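Chains, contacts and geometry: an overview
One letter stands for each residue in the lines below.
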Amino acid sequence: MVISVRPASVFEDVRAVLGPKSPGANVCWCLSYRIPSKLNNELRGPARGAYVAGLCRGETPPGVLAHDGDEPVGWAAVAPRADTSYARSRTIPKVDDLPVWSLWCVRVRPGHRGRGISHALIAGAVEFARARGAPVIEAYPLDNGDAKVDLTMAYAGIRKNFERAGFVHAADTTSLLAGHPRILMRLDLR
């Protein structure tokens, strides 16, 4: 298995990882933290996928995809924090005034988990942000210790995976996800 991580500029590959089985379903498409909540609530069914297709065609793709050969097997959302709802969060603190990038979602398709793909996605997201001039990248993973995490809610990632990638604890948050506290972790790219 050779995993490659590339910018998410091919919508069909993004759809394979994030899209619903039923075209009319209202799934996240990893838009919840990317767009204002009013727009997020207004976009329904196929309109959500169409919005993501536009992001894929944009100057800066909406994240990175892991591929096993030609098959898309994982996704990581990464963007400047200023362009996300984290810029206005009441539960995730702002540590300083640097133009940091946020990494807020890591997803591996069923059937491909347990093979190190999430680690490749985190590394790929870091390189994606670094190549676009990010001085720092931050993430908001679960601080779950050894407790099991519901896979549906594990999209934020877990602390140990970010520590393994060199991220360090920068701040506590008041955010909880699936009953676990989230922490703010950062990696300096300068």
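These notes cover the structure that comes with them. These numbers were taken from a predicted model, which means no experiment stands behind them. (Residues numbered from 1 in each chain as written. Predicted model: local features only at pLDDT ≥ 70, side-chain atom pairs only at ≥ 80, totals over all residues. Heavy atoms only, no water.)

A word on the overall build of the protein. The helix and strand tally for the protein stands at 5 helices and 7 strands. Each helix (α) and strand (β) of the protein, taken in turn from the N terminus, gives the series β-α-α-α-β-β-β-α-β-α-β-β. Since a compact globule built from 190 residues should have a radius of gyration of about 16 Å, the 16 Å found for the protein is in line with a globular shape. Dimensions of the protein, computed from the C-alpha atoms along their principal axes, are close to 40 × 40 × 35 Å. Taken across its 190 residues, the protein has 45% of its residues classed as buried. When contacts within the protein are restricted to residue pairs at least 6 apart in sequence, long-range pairs at least 24 apart make up 65% of them. (Helix = DSSP H or I, 4+ residues; strand = E, 2+ residues; numbered from the N terminus. Rg over C-alpha atoms; globule rule 2.2 N^0.38 Å. Buried < 20%, exposed > 50% of the residue type's maximum accessible area, 1.4 Å probe, protein only. Contact = heavy atoms within 4.5 Å.)

With that settled, consider the pattern of salt bridges. For the structure shown, the criterion picks out 12 salt bridges. In this structure, the salt-bridge partner of Asp-97 is Lys-94, at a minimum N-O distance of 3.2 Å. Looking at Asp-97, the relative accessible area reads 71%, which means it is exposed. When the shortest N-O distance is used, the salt bridge between Arg-159 and Glu-163 registers 2.8 Å. Placement of both Arg-159 and Glu-163 in helix α5 (residues 159-164) is noted, with a separation of 4 residues, approximately one turn of the helix. With a relative accessible area of 22%, Arg-159 lands in the partly exposed category. Judged by relative accessible area, which is 39%, Glu-163 ranks as partly exposed. Three or more residues are tied together by salt bridges with common partners; here these are Arg-81, Asp-96, Glu-138 and Arg-186. (Salt bridge = Lys/Arg side-chain N within 4 Å of Asp/Glu carboxyl O.)

Turning our attention to the packing of aromatic side chains. Two aromatic rings, taken as a pair, are described by how far apart their centres are and by the angle between their planes. Across all of its chains, the model carries 7 aromatic pairs by this definition. Residues Phe-11 and Trp-29 carry aromatic rings whose centres are separated by 5.6 Å and whose planes lie at 20 degrees to one another, so their mutual orientation is stacked. Taken together, the residues Phe-11 in helix α1 (residues 11-18) and Trp-29 in the loop between α1 and α2 (37-42) connect sequence positions 18 residues apart. The exposure classification of Phe-11 matches that of Trp-29, with both residues buried. Taken together, the aromatic side chains of Tyr-33, Tyr-86, Trp-104, Tyr-140 and Tyr-155 make up a single cluster linked through ring pairs. Its guanidinium or amino end placed over the ring of Phe-128, Arg-132 lies 3.7 Å from that ring's centre, counting from NZ or CZ. (Phe/Tyr/Trp six-rings, centres within 6.5 Å; stacked < 30°, edge-to-face > 60°. Lys NZ or Arg CZ within 6 Å of the ring centre and 35° of its normal.)

Now for the nonpolar core. The biggest cluster of nonpolar side chains holds 30 residues, and the ones touching the most others in it are Val-14, Trp-75 and Trp-104. Listing elements by their share of this core, those giving two or more residues are α1, α3 (46-57), β3 (71-80), β4 (101-108) and β6 (168-177). For this core, the element with the most residues is α1, which contributes 4 residues. Those residues in contact with Trp-104 that sit more than four places away from it in its chain are Cys-30, Tyr-33, Arg-34, Ala-77, Val-78, Ala-79, Thr-84, Tyr-86, Tyr-140, Tyr-155 and Ala-156. Core analysis: the next-biggest nonpolar cluster, separate from the first, contains 25 residues, Val-73, Val-78, Trp-101 and Ile-122 among them. (Core = buried A, V, L, I, M, F, W, Y, C linked by side-chain atoms within 4.5 Å.)

What follows concerns the sheet that holds strand β2 (residues 63-68). Pairing within the open sheet is mixed, and its 7 strands lie in the order β1-β2-β3-β4-β5-β7-β6. The open sheet terminates on both sides in strands that have one partner only, identified here as β1 (3-7) and β6. Across the sheet, the mean angle separating the axes of adjacent strands is 25 degrees when strand polarity is ignored. Examined bridge by bridge, strand β5 (residues 136-139) and strand β7 (residues 180-188) share 4 bridges and lie antiparallel to one another. From the neighbouring strand, Val-136 faces β7, where its bridge partner is Asp-188. (Pairing = 2+ DSSP bridges. Axes fitted to C-alpha atoms, helices over the stretch in contact; angles between N-to-C directions.)

Next up on the list: the environment of Lys-148. Looking at the element boundaries, Lys-148 is found in the loop between β5 and α5. Under the relative-accessibility criterion, Lys-148 is labelled exposed at 79%. Lys-148 sits 11 residues away from Arg-159 along the chain, and the two C-alpha atoms are 13 Å apart.

As far as function goes, none of this settles anything; it's purely spatial.
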